[in-house]
Amino acid sequence: MSKNETTGSTALLKNVQNMLNEEKWTRATLSNYSTNQFKELDVLLKDAREKRVYDDLKKTCDEHLAHTKNSIIALYLSGMAALSRQIIDDSALINLVTIFVDNHKWSIVKYLCERILDYGESKFALRTLAECYRNDNDEEAVFAIWERLIKVDYEEADLAKALAEHYEKLPNIEEAVEYYKKALHRYINKQLFTNVREIWAKLLEYCPQDIDFFLHVQKKIAKNISEEKAVLLLEDVYASCKKRQDTDTAISILKLILQYDEKDELARKEITACFQEKYAAHSQLEEYIRISNLSQKWRNVHEAIQDFEKHIAFDKGNFVCHRTWGVGRIAKVQGDEIVIDFAKKRNHSMSLKMAVNALQTLSKDHIWVLKATWKKEKLHDQVKDDPFWALQTVIRSFDNSCDIKRIKAEMVPSILSVGEWTAWSAKAREVLKSDPSMGVSPENADLYTVRDRPISIQEKLFNEFRAQKNFFDRAQTLRNYVSLKDAELDSEFFTEMFGYFSGYLSSWNQVTEQVVASYLLVKDLAGRYPHLGIGLELNFLQIFEGIEDVPALFVGLKDAKLREEFLHHIKLFAPSWPDIYVKLFPYALSASIVTSLSKEGYEDKLVAMVQTCFENFREYREAVVWIYKYLSQEPWFKKTGVTAEKQLITLIHIMDITYREIENHRDTAENRKINKQVYTILFKDGVLNSLIKSADSDMILRIFTFIEDVKDLDPADKLKLRSSIMDKYPDFKFFGDTEKTFITRGLIVTTAMYQEKQRQLAHIMDVEVPANSKEIAFALSLGDLRENAEYKAAKEKQELLNSTVAKLKDEIERAQLFDPGSVNTNRASFGTKVLLGNESSKKDEEYTILGPWESDPENRVISYLSPFGGTILNKKVGEKFSFSINDKKVSYIVKQISPAAL
């Protein structure tokens, strides 16, 4: 701040002090105040903000209020300064407004409330403003304020009901329904059942088909009030369904009532009547009611319903499925005999009891029925052209609950090819995500459902939130909800989601990653919507000081945005933030840490941080890789003393360590990731090749010696590196050159065979495994696994498939693709054709050296891992060797080495 700015700031604060003193000594009466005086104070506040003395201004006013609590000027200036700083304490402005309310200065009260609302919604300001408009008999303005108020006061039920009644009279039924729903949820929270039932009746009148809403709310009533009250309301819904002749929904409601009370005789009688109405045309209706004992009190009602629904599906014209014979159609039902036409077994007869146990009933729209009855081309075109129809068909085929794997199993390869699936599935996922008719199971976010009633994106996100089990998935869903253009922060959906996180802040006794994440989420939302911060008395330092292990907690924050927020808050509020940043760096690997330390002049800490990481590279291996990629070219990096050679040697050590860790199955996924990063730097990015071009022979020898010691590195990479070294230094001597044989735990393969193995694996995973799963599922449906030959056969096939898949995956995982351009004909190696002179038979023999996948001994293609191939490996032209075949020793001489035709 310049000298002139300092002088201006001092004069402003002195002027405020004089105003306070004058007010104190003259004791100006309230009758002298008008809105103009507060507008003058607003000009002063603007000046203070521009001169950056807001905090000093507030401090001056607070000190004055300590001994003059009703100072109008001090209350206004302090209160507005607090609002601009988003400080939750609004007691100064509340006191100020109350003074003018008590003295009926309504024009000033309005002005003050509107000024408060300039900084965000406030329950106090809105209520007071509504009172002002009521005094003015401005009914429309009152309703407008109430609409704003109930969006920030989630407990306010009476005003929500009043708004509903207001719109009902207009009439605007759509708006009335929305406010009745809000009031209903709030009365449930207050456990006021009389009010709940009154509104329930209204909603049944205006939106009787919104069954999903009633089903959702009745669960809340059962939990918050009682199950008996929930049953009373469900009976009202049932009566409404009967009146509208919606038999299917009526049956669903009765099933719910019986879940609450299976002894409910009226519900049992009614569900029997509903089944009789629904299946009136069924030839075996009364017989199946008798067999299931549906109307008999002694039979468990749930078992009776299940039995009846199993039997009733068997009627002439309906479809069934048998594990062996596939889809069939019931041709006749006569007494206890059923005749079914299967594609390959016409007029097949079986007893009803056997059919119920052995067959799966299918709807006419089931995907298996369509596969059996539609032409393949027609079904293919319908699926490809209309992803929504296809998804709806498949999901509803499996009890309206299906994951993406099951959808793929039904589509590929019977309808779509593997290639078609890739493009089609992208469209399908977009439909599942955005179409209002698609939802997720409340128990499992991976299972998709089809909704009879389209739902809003808000409700869709809420359903996802409830189905998710992972805390951080829920955090992302809340952020997605808030980011919606029309997000309703007063909705029941948002209230429940927000309450999940705020609940962590009201009941914690130990600081966990969930507590920290909840604080950061709530604080962020309260910054944008101040009314959400009411009651949040915690500050970041209180939470931070309770963390036992900061790095461990940081690792536990499984959300990139929350991690960045955590780092930002540390810098803002923790006095020793530079040391904390250094401590967190190996776990955070964040550019913001480096940038902050560098900008604030902490290069010495950056240097020490890098040195620590390289000295402890075994522990901080990922940090070392990150430093090499992003920091090694920084101007300050030279101060670390970590030379280019040391950097490369450290990376080679890390590559070796990760290979061994992978082999020993320790943190396999993490080590694979680091290993791949190092390999990319050294070989794909050409760092080692660049080194060969610029370094002297001594340094190259040291580096190559470390490379050679990495036993699991692809020998082709070692050979390629040797070749590059020999190109620059033809006389270069490698340690142990004459004896060294490259053997790898990996598997060198040609591109053609690699692609073939991948095709084999894909076919098993996409075709054979899903087909086997269907076989097992069907076999399970037959019951009694002890004598179920079909189940045993399916399980044996599953074991064989699993074994084959495991072997293929392991081989593909170990596979190292061979580059034909890297063939070195100085020695016998992978990808070479070797002409040998058999000194015993005096005949020439020619062999091609490849891998075990390509091995074809009859055509003299041998594996480099075979005993004979391993003996030939690394031999030069003119070199002699012997090999024992069937206890007979044969002598050979290498006559010629040439590239194999690949």
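Please read these numbers as outputs of a predicted model, since none were measured by experiment. (Residues numbered from 1 in each chain as written. Predicted model: local features only at pLDDT ≥ 70, side-chain atom pairs only at ≥ 80, totals over all residues. Heavy atoms only, no water.)

Some thoughts on the pattern of salt bridges
Pairing between side chains becomes possible if they bear opposite charge and their charged atoms approach one another.
Moving on, step 1. In this structure the tally under the stated criterion is 44 salt bridges.
Moving on, step 2. The residue Asp766 makes a salt bridge to Lys408 at a minimum N-O spacing of 3.6 Å. One end of the pair, Asp766, is in helix H40 (residues 751–781); the other, Lys408, is in helix H22 (residues 404–411), with 358 residues separating them in the sequence.
Moving on, step 3. A salt bridge links Arg528 to Asp524; its shortest N-O distance comes to 2.8 Å. (Salt bridge = Lys/Arg side-chain N within 4 Å of Asp/Glu carboxyl O. Helix = DSSP H or I, 4+ residues; strand = E, 2+ residues; numbered from the N terminus.)

A word on the layout of surface pockets
Moving on, step 1. The volume enclosed by the second largest pocket comes to roughly 1,200 Å³.
Moving on, step 2. Taken together, 34 residues make up the lining of the second largest pocket; nearest its centre are Tyr659, Asn675, Glu813, Ala815 and Gln816.
Moving on, step 3. Breaking the lining of the second largest pocket down by element, the ones donating at least two residues are helix H35 (644–663), helix H36 (668–684), helix H39 (715–728), helix H41 (789–814) and strand S9 (815–817).
Moving on, step 4. The biggest single contributor to the lining of the second largest pocket is H36, with 8 residues.
Moving on, step 5. The class makeup of the residues in the lining of the second largest pocket is 12 nonpolar, 9 polar and 13 charged. (1 Å grid on protein atoms, 1.4 Å probe; cavity = no way out; pocket = protein on both sides within 12 Å on 5 of 7 lines; lining within 4 Å. Points joined across faces, edges and corners; volume = space filled by probe spheres on them. Nonpolar A, V, L, I, M, F, W, Y, C, P; charged D, E, K, R; others polar.)

Re the side chain of Thr393
Moving on, step 1. In this structure, Thr393 sits in helix H21 (residues 387–397).
Moving on, step 2. Reaching out from Thr393, the side chain makes a polar contact with the backbone oxygen of Trp389 at a distance of 2.8 Å.
Moving on, step 3. The residues touching Thr393, leaving out its near neighbours within four places in the chain, are Asp365, Ile367 and Leu370. (Polar contact = N/O pair within 3.5 Å; in protein donor to acceptor, adjacent residues only side chain to side chain. Contact = heavy atoms within 4.5 Å.)

Looking at the pairing of strand S1 (residues 319–322)
Looking along a regular strand, one sees side chains alternate from face to face of the sheet.
Moving on, step 1. Burial along S1 is two-sided: Phe319 and Cys321 facing one way and Val320 and His322 facing the other are all buried.
Moving on, step 2. The hairpin formed by S1 and strand S2 (residues 326–334) contains 3 residues between the paired strands.
Moving on, step 3. Pairing analysis gives 3 bridges linking S1 to strand S5 (residues 360–362), with the strands arranged antiparallel. Looking at the pairing, Val320 lines up with Thr361 of S5. (Buried < 20%, exposed > 50% of the residue type's maximum accessible area, 1.4 Å probe, protein only. Pairing = 2+ DSSP bridges.)

A look at a negative patch on the surface
Moving on, step 1. A cluster of acidic side chains, namely Glu174, Glu175, Glu178, Asp486 and Glu488, defines a negative patch on the protein surface.
Moving on, step 2. With respect to the helices and strands, the residue Asp486 is situated in the loop between helix H25 (471–482) and helix H26 (492–506). (Patch = residues over 30% accessible without salt bridge, like charges linked within 9 Å, V, L, I, M, F, W, Y side chains within 5 Å. Areas by Shrake-Rupley, 256 points an atom, 1.4 Å probe, with all protein chains shown as cover. Lys, Arg positive; Asp, Glu negative; His and termini not counted. Charge placed at Lys NZ, Arg CZ, Asp CG, Glu CD.)

A closer look at unusual backbone geometry
The general pattern is negative phi for most residues beyond glycine and trans for most peptide bonds.
Moving on, step 1. A cis amide bond links Leu170 with the next residue in sequence, Pro171, at an omega value of -5°.
Moving on, step 2. Looking at the secondary structure, you find Pro171 in the loop between helix H9 (158–169) and helix H10 (173–190).
Moving on, step 3. Going from Val412 to Pro413, the amide bond is cis rather than trans, its omega being 0°.
Moving on, step 4. Its location among the elements puts Pro413 in the loop between H22 and helix H23 (418–434).
Moving on, step 5. Its identity as a non-glycine residue notwithstanding, Asn293 has a phi of 55°, on the positive side.
Moving on, step 6. In this fold, Asn293 is placed in the loop between helix H16 (285–292) and helix H17 (301–312).
Moving on, step 7. Even without being glycine, Asp667 reaches a positive phi, approximately 40°.
Moving on, step 8. Secondary-structure assignment places Asp667 in the loop between H35 and H36.
Moving on, step 9. Note on Asp667: relative accessible area 59%, which makes it exposed.

Some words on the packing of aromatic side chains
Moving on, step 1. Throughout the structure, instances matching the rule amount to 44 aromatic pairs.
Moving on, step 2. For the ring pair Phe275 and Phe308, a centre distance of 4.7 Å and an interplane angle of 40° mean the geometry is tilted. Here Phe275, found in helix H15 (residues 265–278), pairs with Phe308, found in helix H17; they are 33 residues apart in sequence, far enough to count as distant.
Moving on, step 3. Judged by its relative accessible area of 1%, Phe275 falls in the buried class.
Moving on, step 4. Counting every residue linked through ring pairs, the aromatic cluster contains Phe465, Phe471, Phe472, Tyr500, Phe501 and Tyr504.
Moving on, step 5. Taking the ring centre of Phe398 as reference, the NZ or CZ of Arg406 above it sits at 3.8 Å.
Moving on, step 6. Between Arg474 and the ring centre of Tyr500, over which it is positioned, the NZ or CZ distance is 4.7 Å. (Phe/Tyr/Trp six-rings, centres within 6.5 Å; stacked < 30°, edge-to-face > 60°. Lys NZ or Arg CZ within 6 Å of the ring centre and 35° of its normal.)

Brief notes about the sheet that holds S2
Moving on, step 1. What the 5 strands build is an open sheet, ordered S4-S3-S2-S1-S5; its pairing is antiparallel. Here the strands that pair on one side only, and so sit at the sheet edges, are strand S4 (345–351) and S5. Going from strand to strand, the sheet's axes swing by 40° on average, the running direction of each strand aside.
Moving on, step 2. Two elements, strand S3 (residues 337–342) and S4, share 5 bridges in a ladder whose sense is antiparallel. Counted as the bridge partner of Phe342 is Lys345 from S4. (Axes fitted to C-alpha atoms, helices over the stretch in contact; angles between N-to-C directions.)

Description of the sheet that holds strand S11 (residues 843–850)
Moving on, step 1. Reading across the sheet, the 5 strands line up as S12-S11-S10-S14-S13 and stay open at both edges, with mixed pairing between neighbours. Only two strands of the sheet have a single neighbouring strand rather than two, namely strand S12 (861–863) and strand S13 (880–885). Pairs of neighbouring strands in the sheet enclose a mean axial angle of 45°, with direction left out of account.
Moving on, step 2. In this sheet, S12 lies alongside S11 in parallel orientation, the contact comprising 3 bridges. Of the residues in S12, the one forming a bridge with Ile849 is Ile862.

Focus: H16
Moving on, step 1. Of the positions making up H16, those classed as buried are Leu285, Tyr288, Ile289 and Ser292. Projected onto a plane normal to the axis of H16, the buried residues spread over an arc of 105° and lie on a single side.
Moving on, step 2. Residues of H16 that are buried sit in contact with H15, H17, S2 and helix H18 (352–358).
Moving on, step 3. Asn293 lies just past H16 and shows a positive phi near 55°. (Arc of directions from axis to C-beta.)

What about helix H5 (residues 91–102)?
Moving on, step 1. The end-to-end C-alpha separation of H5 is 16 Å, in line with the 16 Å expected for 12 residues at 1.5 Å each.
Moving on, step 2. Within H5 the residues assigned to the buried category are Ala92, Leu93, Leu96, Val97, Ile99 and Phe100. Here the buried residues of H5 occupy an arc of 150° about the axis, which is enough to place them on one side.
Moving on, step 3. On its buried side, H5 packs onto helix H2 (35–50), helix H4 (72–84), helix H6 (106–117) and helix H7 (123–135).
Moving on, step 4. Of the residues trailing H5, His104 is marked for its positive phi of about 55°. (Expected span 1.5 Å × (residues − 1).)

Points about the environment of Phe319
Moving on, step 1. With respect to the element layout, Phe319 can be found in strand S1.
Moving on, step 2. Here Phe319 falls in the buried class, since its relative accessible area comes to 11%.
Moving on, step 3. Sequence-wise, Phe319 and Phe342 are 23 residues apart; in three dimensions their C-alpha atoms are separated by 9.7 Å.
Moving on, step 4. Leave out the neighbours within four places in its chain, and Phe319 touches Val327, Gly328, Arg329, Gln360, Thr361, Leu362, Lys364, Val369 and Thr373.

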